[in-house]
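Survey of secondary and tertiary structure
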Amino acid sequence: MAGNPRRCSTDTPTGGGEHQVPDAYTLNRACGMLAGIGVSPAMTELDSHANWPAFGENSTDLEHTGRSVEVYPYDTQLKARTLSIRHKAVAHDCPYTGRTTLCIAKNALHVDGMQTNLLPQWSLREAGKIVNDIAKQHLDEPSSDDHCIIDPVSNKKIHLELNGIFSGFRTRALTDEELDNIEDYDIFWLTPDTEEWDPNDPEIESREASLMSEDGNVRVLEPGELRPSMAEKAKLFAEISNLIGVADVTDDVPPAVLADDYDCITSQVCSLQAGFDDPTSSSRLASEVDAMPEPTAALGDDAHLNAALQLNQERINICSALGSLDHHDWDDDLFRDLGEMIASGEVTLGALDAGKAGGTVSAQDLSKLWQVKIQDAERTVAATTQRHPQNLNTTITRQLNTNDRMLRYRRLHSIFFTDTMVISEKYKSSRQYRYVQVFVSDTGFIYVHFMRHQRDYPQALRAFSKEVGAPDILVCDPHPSQTSQDVRKYCNQIGTTLRVLEARTQWADKAELYIGILKDAVRRDLRASGAPIILWDYCMERRAAIYNVTVRDDLKLGGQTAYARTFGDTPDISNLVWSWYDWCYYRDDDSFPMPREVLGRVLGPAKNQGNEMAQYVLQINGEVVVRRTLRRLRPDELAVSNEVESRRRSLFDTAIQQKLGTSYSMQPVLPGNEHQAKLEDVLNDELLKEELPYKLDGEEGSPDAPIADVVDSQGKPLNDNISFTDALVGVEVVMSDPSENDNRKGLCKVLRAAVDKDGKIIGNASEHPQLNTVLYDVQCWDGAIRQYRANVIAENILSQVDLDGNVGVHLQSIVDHRREADAVRREELTGANNSKLRFTTRGWKFKVLWSDGSYEWIHLSDLKESNPVDVAEYAKARGLASEPAFAWWVPYTLKKKTAILKAVNSRVCKNNVKYGVRVPRSLKEARRFDRDNGNDLWEKAYLKEMKNVGIAFRILADGERAPVGYSKASGHLIFDVKMDFTRKARWVKDGHRTPNLDTSSYAGVVSRESVRILLTYAALHDIPVCAADIRNAYLSAKSSEKHYIICGAEFGVENEGRVAIIERALYGGKAAGRDYWHHLRNVMKNKLGFTSSRGDPDVWFRESRRNGDGEPYYEYVLIYTDDILVISDNAESVLRNELGSGFDKFELKEESIGPPSQYLGGKLSLVETSNNTKAWQFSSSQYVQEAVRNVEKYLAETGRILPRKCLTPLSSNYRPEIDTSQELHEVDEADAAFFHSLIGMLRWIVELGRADICIEVSLLSHHLALPRRGHFDQALHIFGYLRAHHNAAMVFDPAEWNVPATDFQKQDWNYSVYGCDGLTEELPEDMPKPLGKSMRMHVYVDSDHAGDSLTRRSRTGFVVFLNSAPIYWFSKRQTSCETSTFGSEFIAMKTACDYVKGLRYKLRMMGVRVDEPTYIYGDNQSVLANTSNPGSTLKKKSAAIAYHFVREGCVKDAWRTHYIDTNHNVADLFTKALPSGEKRWRFVSYLLAYVAPKQFYPTT
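Residues numbered from 1 in each chain as written. Predicted model: local features only at pLDDT ≥ 70, side-chain atom pairs only at ≥ 80, totals over all residues. Heavy atoms only, no water.

Some remarks on the overall build of the chain
Put simply, the rule reads: The way it works is that DSSP assigns letters per residue, a run of H or I at least four long becomes a helix, a run of E at least two long becomes a strand, and they are numbered from the N terminus. Burial classes follow relative accessibility: with a 1.4 Å probe on protein chains only, a residue under 20% of its type's maximum area counts as buried, one over 50% as exposed, and anything between as partly exposed. For the accessible areas, the method is Shrake-Rupley and the probe is 1.4 Å, while residue cover comes only from the protein chains on display.
In terms of helices and strands, the chain carries 41 helices and 55 strands. Looking at the chain residue by residue over its 1500 residues, the buried ones come to 51%. Just so you have it, the chain exposes about 68900 Å², and 49% of that area is on carbon and sulfur atoms.

Focus: the nonpolar core
Here is the rule we go by: Side-chain atoms within 4.5 Å link the members of a nonpolar core, which is a set of buried Ala, Val, Leu, Ile, Met, Phe, Trp, Tyr and Cys residues. By the convention used here, residues are in contact when the closest approach between their heavy atoms is within 4.5 Å.
In terms of nonpolar packing, the biggest core is built from 123 residues, with Tyr1116, Phe1279 and Leu1282 touching the most fellow members. In this structure leucine 1282 touches Val1184, Val1188, Leu1242, Ile1245, Arg1250 and Ile1253, once residues within four positions along its chain are discounted. Of all hydrophobic cores here, the second largest spans 47 residues; its members include Ile415, Leu526, Ile656 and Leu660.

Some remarks on empty space enclosed by the protein
In plain terms, the rule: Both site types are read off a 1 Å grid over the protein atoms alone. A 1.4 Å probe that fits but cannot get out defines a cavity, while an open set with protein on both sides within 12 Å along at least five of seven lines defines a pocket; lining residues have an atom within 4 Å of a point. Grid points are joined across faces, edges and corners, and a volume is the space filled by probe spheres set on the points. The nonpolar class holds Ala, Val, Leu, Ile, Met, Phe, Trp, Tyr, Cys and Pro. Asp, Glu, Lys and Arg form the charged class, and all remaining residues, Gly among them, are polar.
For the coordinates displayed, the defined rule picks out eight cavities of 30 Å³ or more. Surrounding the largest cavity, 13 residues form its lining, Arg1008, Val1011, Arg1012, Phe1178 and Phe1292 being those nearest its centre. Broken down by secondary-structure element, the contributors of at least two residues to the lining of the largest cavity are helix H30 (1008–1021) and strand S48 (1289–1292). With four residues, H30 is the single largest residue contributor to the lining of the largest cavity. For the lining of the largest cavity, the class distribution of residues is nine nonpolar, one polar and three charged.

Remarks on the pairing of strand S15 (residues 435–441)
Stated formally: Only strands that DSSP links by at least two bridges are regarded as paired with each other.
Counted residue by residue, S15 has seven buried out of seven residues, so it is predominantly covered. The alternating pattern of S15 places Tyr435, Gln437, Phe439 and Ser441 and Val436, Val438 and Val440 on opposite faces, both of which are buried. Bridge count for S15 against strand S16 (residues 446–451) is six bridges, and the pairing is antiparallel. Looking at S16, one finds that phenylalanine 439 is bridged to tyrosine 447. Adjacent in sequence and paired antiparallel, S15 and S16 are bridged by four residues, among which glycine 444 carries a positive phi angle near 95 degrees.

Considering the sheet that holds strand S9 (residues 148–151)
As a general point, the strands of a sheet are linked pairwise by backbone hydrogen bonds and lie either parallel or antiparallel. For clarity, the cut-off: Every angle, taken between N-to-C directions, lies between 0 and 180 degrees, and every axis is a line fitted to C-alpha atoms, over only the stretch in contact when it is a helix.
The antiparallel open sheet is built from three strands, whose spatial order is S8-S9-S10. Whereas interior strands pair on both sides, the edge strands pair on one side only; in this sheet they are strand S8 (130–132) and strand S10 (156–159). Looking at each pair of strands side by side, their axes are set apart by 15 degrees on average, direction ignored. As paired strands, S9 and S10 are joined by four bridges and run antiparallel to one another. Pairing of isoleucine 150 across the sheet is with lysine 157, part of S10.

Some points on the packing of aromatic side chains
Keep this limit in mind: Working definition: a ring pair exists when centres of Phe, Tyr or Trp rings (six-membered ring for Trp) sit within 6.5 Å. Plane angles under 30 degrees give stacked, over 60 give edge-to-face, the rest tilted. The criterion is that NZ of a Lys, or CZ of an Arg, lies within 6 Å of the ring centre and within 35 degrees of the ring normal, and then a charge sits over that ring.
A complete count under the given rule lists 43 aromatic pairs for this structure. Ring geometry for tryptophan 844 and phenylalanine 886: centres 5.1 Å apart, planes at 75 degrees, overall edge-to-face. You can see tryptophan 844 sitting in strand S30 (residues 844–850) and its partner phenylalanine 886 sitting in helix H25 (residues 884–887), a full 42 residues away along the chain. Both residues of the pair, tryptophan 844 and phenylalanine 886, belong to the buried class. Plain terms: the ring middles of phenylalanine 1358 and tyrosine 1395 are 6.0 Å apart, the flat faces sit at 40 degrees to each other, and that makes the pair tilted. Of this pair, phenylalanine 1358 sits in strand S51 (residues 1355–1362) while tyrosine 1395 sits in helix H38 (residues 1381–1405); the two residues are 37 residues apart in sequence, bridging distant segments of the chain. Given the relative accessible area of 15%, tyrosine 1395 is considered buried. Linked through ring pairs, Phe416, Phe439, Phe445, Tyr447, Phe464, Tyr563 and Phe567 together constitute an aromatic cluster. The ring of tyrosine 1067 has arginine 986 lying over it, and the distance from NZ or CZ to the ring centre is 4.0 Å. Stacked on the ring of tyrosine 1113, the Lys or Arg arginine 1106 has its end atom at 5.2 Å from the ring centre.

Section: the side chain of threonine 100
For clarity, the threshold we go by: Whenever two N or O atoms come within 3.5 Å, that pair is a polar contact, provided that in protein one can donate a hydrogen and the other can accept it, and provided that, for residues adjacent in sequence, both atoms are side-chain atoms.
Its place among the elements puts threonine 100 in strand S6 (residues 100–110). Given a relative accessible area of 18%, threonine 100 falls into the buried group. Side chain to side chain, threonine 100 and aspartate 93 meet in a polar contact 2.7 Å long. With near-sequence residues (within four places) excluded, threonine 100 lies in contact with Ala91, His92, Asp93, Arg172, Glu178, Tyr185 and Asp186.

Some thoughts on the environment of leucine 1207
Within the secondary structure layout, leucine 1207 lies in the loop between helix H33 (1181–1196) and helix H34 (1224–1227). Along the backbone, leucine 1207 and proline 1475 are 268 residues apart, and their C-alpha atoms lie at a distance of 8.4 Å.

Quick notes on the environment of proline 1155
Relative to the helices and strands, proline 1155 resides in the loop between helix H32 (1131–1139) and strand S45 (1158–1159). Linking proline 1155 and proline 1024, residues 131 residues apart in sequence, is a C-alpha distance of 8.1 Å. If we skip the residues at most four places from it in the chain, proline 1155 touches Val1025 and Cys1026.

Some words on the sheet that holds strand S39 (residues 1043–1046)
With mixed pairing, four strands are arranged side by side in an open sheet as S34-S40-S39-S35. The two strands at the open ends of the sheet, each matched to only one other strand, are strand S34 (953–955) and strand S35 (967–968). Note that S39 and strand S40 (residues 1059–1062) share three bridges and pair antiparallel. Bridging from a neighbouring strand, isoleucine 1046 pairs with valine 1059 of S40.

Notes on the pattern of salt bridges
Applied cut-off: Salt bridges are defined as contacts in which a side-chain nitrogen from Lys or Arg sits within 4 Å of a carboxyl oxygen from Asp or Glu.
All chains considered together, the criterion is met by 62 salt bridges. Residue arginine 1008 is joined to glutamate 1247 by a salt bridge in which the shortest nitrogen-to-oxygen separation is 2.9 Å. Of the two residues, arginine 1008 sits in helix H30 while glutamate 1247 sits in helix H35 (residues 1229–1247), which places them 239 residues apart along the sequence. Arginine 1400 serves as the salt-bridge partner of glutamate 1321, at 2.9 Å between the closest nitrogen and oxygen. Here the residue glutamate 1321 occupies a position in the loop between S48 and strand S49 (1331–1334), and arginine 1400 occupies one in helix H38, the gap between them amounting to 79 residues. In this structure glutamate 1321 comes out as partly exposed when scored by relative accessible area, which is 22%. A single network of salt bridges, built from pairs that share partners, joins Glu597, Arg631, Arg634 and Glu637.

Some details on the pairing of strand S37 (residues 983–989)
S37 sits mainly inside the fold: five of its seven residues count as buried. Across seven bridges, strand S36 (residues 971–977) lies against S37 in antiparallel orientation. If you follow valine 977 over to S37, its bridge partner there is arginine 983.

Overview of the packing of helix H14 (residues 510–529) against helix H15 (residues 536–548)
Selection rule: Whether a crossing is left-handed or right-handed is set by the direction in which the near helix is turned from the far one by less than a right angle, anticlockwise for left-handed and clockwise for right-handed.
Packing of H14 against H15 brings their axes to within 9 Å, and their N-to-C directions diverge by 115 degrees. For the pair H14 and H15, the crossing hand works out as right-handed. Facing Tyr514, Leu518, Ala521, Val522, Arg524, Asp525 and Leu526 of H14, the residues of H15 in contact are Trp536, Cys539, Met540, Arg542, Arg543, Ala544 and Tyr547. A class-by-class count of the residues in the contact of H14 with H15 yields ten nonpolar, no polar and four charged.

Considerations on a nonpolar patch on the surface
Quick note on the threshold: Patch membership requires over 30% relative accessible area and the absence of a salt bridge. Like charges are linked within 9 Å, and nonpolar side chains (Val, Leu, Ile, Met, Phe, Trp, Tyr) within 5 Å.
Side chains of Leu211, Met212 and Val218 sit close together on the surface and give an oily, nonpolar patch of about 270 Å² of accessible area. In this fold, leucine 211 is placed in the loop between helix H4 (202–210) and helix H5 (230–241). Of the residues examined, leucine 211 reaches a relative accessible area of 31% and is grouped as partly exposed.

A closer look at the side chain of threonine 420
Mapped onto the elements, threonine 420 comes out in strand S14 (residues 411–422). Classification of threonine 420 as buried rests on a relative accessible area of 12%. Within polar-contact distance, the side chain of threonine 420 engages the side chain of glutamine 437 at 2.6 Å. In terms of polar contacts, threonine 420 uses its side chain to reach the side chain of glutamine 482, at 3.1 Å.

Description of the environment of cysteine 491
Position of cysteine 491 relative to the elements: it lies in helix H13 (residues 485–493). The exposure class of cysteine 491 is buried, given its relative accessible area of 1%. With sequence-adjacent residues up to four places away left out, cysteine 491 is seen in contact with Leu461, Thr496 and Leu498.

Considerations on unusual backbone geometry
Non-glycine residue asparagine 1363 carries a positive phi angle of around 55 degrees. With respect to the helices, strands and loops of the structure, asparagine 1363 is situated in the loop between S51 and strand S52 (1365–1373). One non-glycine residue with positive phi stands out, namely tyrosine 1490, at about 75 degrees. When you line up the elements, tyrosine 1490 lands in the segment after helix H41 (1478–1487).

Remarks on helix H36 (residues 1254–1261)
In terms of burial, H36 is a largely internal element, eight of the eight residues being buried. When H36 is considered as a whole, its buried residues turn out to be Cys1254, Ile1255, Glu1256, Val1257, Ser1258, Leu1259, Leu1260 and Ser1261. Each element contacted by the buried residues of H36 is listed here: H35, helix H37 (1269–1284), S51, S52 and H41.

Here it is in structure tokens:
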């Protein structure tokens, strides 16, 4: 029978052409052997016509190469056969000496059923052996060297015998003892020791032809043309191996080796593509090459390791295959393709399918069972087999029989990485494991071995080599357990090269990546199934097995599984078609006389126990058994209506929880245990309520409160008119057990006020939270009812929220999702190539796990904004990326996720809990909360808002349409909670859904600089100041947009569905701010007669007369949205009788009218200074203390505190620009996100008046893009300083500043270059008439030349005083690098003069009298000489613009400059971080009151 060999395609072709398959003769002989023709058992025959070694049943597999060939016979009626290429071994027992020799043949065909092996003489001779295959009977003088195979190196001989007329020698398969101790036997190579064999290589023919000259004689080869022997190649192989990771290999190339051969052998060792000057030359010696590239495969080379790091894509690909997502406690030190870099030159022939998938599990079912993408499941079904599909019928049957044979010590031509996963002591598994040794190949094959101690690593390595194989290279970190002498010795014995990563580069271990992903996948499996966390080892073993047989979308796999790429065989997934923690019935063989079915949970395939189909099964007693006789539950058994089965499963879960714990706690669910089921689970699970030994009906607390309030005979509520249904009912807060000393605590819910036997409230009520002692019944985390005082509850609430009242928790992970009926489906889209994506997120919700352990369903629209990358990665891992709600944004987010992660704060808040109160998201939810809490607080808030907002709508008659020109809009209710637990509702317009405005939407607010100026002006002229807030400010303005809405349920049953025209500005509208701003301006100008200042449009003034002497003065109104500040003798009258009355009146909050106490985040008060003048002071102490508490709370979560004894904002001599500490995101992602929050808070604190930290905050702000650990520590140092020095206030002292008599002398500029120009200060033509006293400005300017140690840029700093009040301060790095102190000081002077010019204009446009020049102090003599001396000339041409600008201002007498000693220049505080001492505190005392030591302030 003849065969028709066909060339097989490869994934990675070599440079020598495509791979070849056996010739027809070899196939004929193989077929003949299979047919039993001329077969003698246990013979290895020489066959000169064969071109490929072929071995059968009487041989031992050493390694599956992963390559195979598909053979078609000449007879087309016969089927094709697929033969795998393997490394084989046979044992030869010499009949003369009795000595056993192990014969090894690489790249041999494996033919099932063949008894005799075929061996070409060519292969033997290529291996360097002498083949004397002439029988002795054909020789005249035969010797012992005839008819035998001789190894000329060791002089070993294998004597041949005849099988008919075929020469051969008797062989057999290796025994287990020979396999385990292969190094103790003589080794005889039957084929070349190479990874590839190509019998049709054209070089073979060309070499033979080159030996003959043109005249037919044998040609003598030159030394450079000599073909290296195998011994020479082996020597070169060893020499190159020793050079990996060392240096250049050029000098160590043996001179007699061709460059082509050297390149080939080098690629086998270190997988490099050697480069030559002339790659086309085949005769040039490698020793003649001038320079060769340095090997780049050294694992100890940090530079190349860093080049191999590709964090994001590797993580996402692996996450998608594992069905997992983000992980919060594993390092982000992931990398990609390190194995490819090390083995870039290695060629692997892709394995062809040994069989087609024939299982009964579909790709859709597999996707659900394994929690992987549908695309991966489809590829997996196509690339795997299911030779024994699971029975889906109702009968329990035995799964296969036990007849598996393990192949040990396979040679794996790949690189494996290994690392140890350490598990916390309290999470020790049910099998008492605490350590997991993870082995990962460069193609992603995972092997896990569980250990009780880390010292058990050698046993893990032995198990890995026996179960998986011996890799070429094993990479590990330098931990002693992985680098011991025993480990190194064992690696040498199995032929594995151990590569140890350098210290501090453990992050380069690829196993680190898979450890993190495995952790997250196991967490998700456990929580999604409710399995006890103590079973994590079974879950991890199953997840690793699934990963190995999943066909991922990875180019390195080439459409195959990691299993196939590693072993060359098609994996079978029959034993993996169970869900994790799946229900089953298994056979209990102990029952007699008839076996019975017992309910259990499947934990995955059993390893090394039973047969391949055996499964771990969890029993109701918490024990795990191995069973292969089991079945799934039938649909009727899983039906909800089947109460018997449902009850049985419920009892099973309860028993398991009481025995093994839950998916979030290792502690069993037992009576009195603080780790019992969570409150939300108890409240929502009726079966759990029945099974657990505690009650939820309130019997353990006080008597149930009645629905209505308890009243006296007159109908008034008892106990000081305090209602049962007060604001604390329904609050959720973490509380501790008051009766215990072990700090047990958890999430609790306030149920009601406690009452005594007479129905009276226990305790005394008070408006002050600390004095309120009313007792409340509280539902605790363990289901028990405990009682707490109101002041204790309030104290716990305020200690657990941030400045905005939000509960600060981290989004830990997304655990589930659901699609609702209104979600847009793919079928609804057109499907056209040019169809646009639908920008929609409707109908999708995600279940998220918060860091406090609670779960919550969040709308996609909300979660997408706060955590876009997390949602995008989840969508990709779960196969949702193609859904309409994700397709339009997920690809972009994943592509730009690095930038997005920098911009988005990863620490988010639970937006539905504020001050412990659960905040509803809809009216329906608000009413449900009221029903649950037994009150109507949310209902009252809603009714109040709808009453207020009602004026904004004109509701049309039923059926009436909107007028022409109006477009449809929408809106919704939002709910909130104030700090005093008052519920608040607001109807807002969905402005994001309306078209963009064609005109400007600008709406301004008054600047803080203007506020400081006018507060100083008010104190100078003794003018009263009054403040007020406008209620529903936007509703007072008519809307400029033509929109209507369709009334919802919040408008009442009678109006629901009607059209309502929006006639007023509404919060949320795109033009609402602009409409209100223009309406307010119209009222201020046309109704009240005020004029808007050109210096600040939100400062309004009008002329009036003083109440006492009738002198003219200006009344001022300062507007910051709805915050109004009036400076007038009749300030309250202006508010009440003008702004708050008339047709266009504003509704003012009555409680807000009066002298200002809180304004723009600070405390405002009128004080008396040491010089007996009244002045307004602005204190930021309250905000600073709240910010410090917020930071301390964040640090407390990780056991840290703020630094102590901080005498200055920054540590001594600290320079942030040269900080080389570790990048913050590498240390802690949460800290990296929180650093932005710290800088944001510090910037606002500076705005509120804390000028003493201005320079320090400015320095740290430069490093927001890439903060380091040192920057974070210094930010905390500033907060430590603020905690110790929070009591600071900026006093706007109106006292006149006296100009020193000898300073600021007016110069005569008539004889200067400006003398002929007649320059004077230009006054604004439209400036109002100045009234009142003149105000005097003085400024301090300084520069720190080349202060930035990195860029050598200088820093400008100055501070401006109006009379004695600090008005403005400035600290900023200059935009250019100045080469001299003169240049940097002149730039600083010019910057300060620029600001002074603008401030003088603003004061004059406000009607403030400015009669004098501004007095500017500087500490650089050269700059002052060039600015104030008329006769000076410019020496530095680079400062020409600044020079002339400053000098012209001096000529116009807009400002004058003078020298001041640097020790008295206050601006020095804004150019460099001064150390603690007299100089710093003296400067601080000029700006802030109370914060500096008392000796620096004048005494009264």
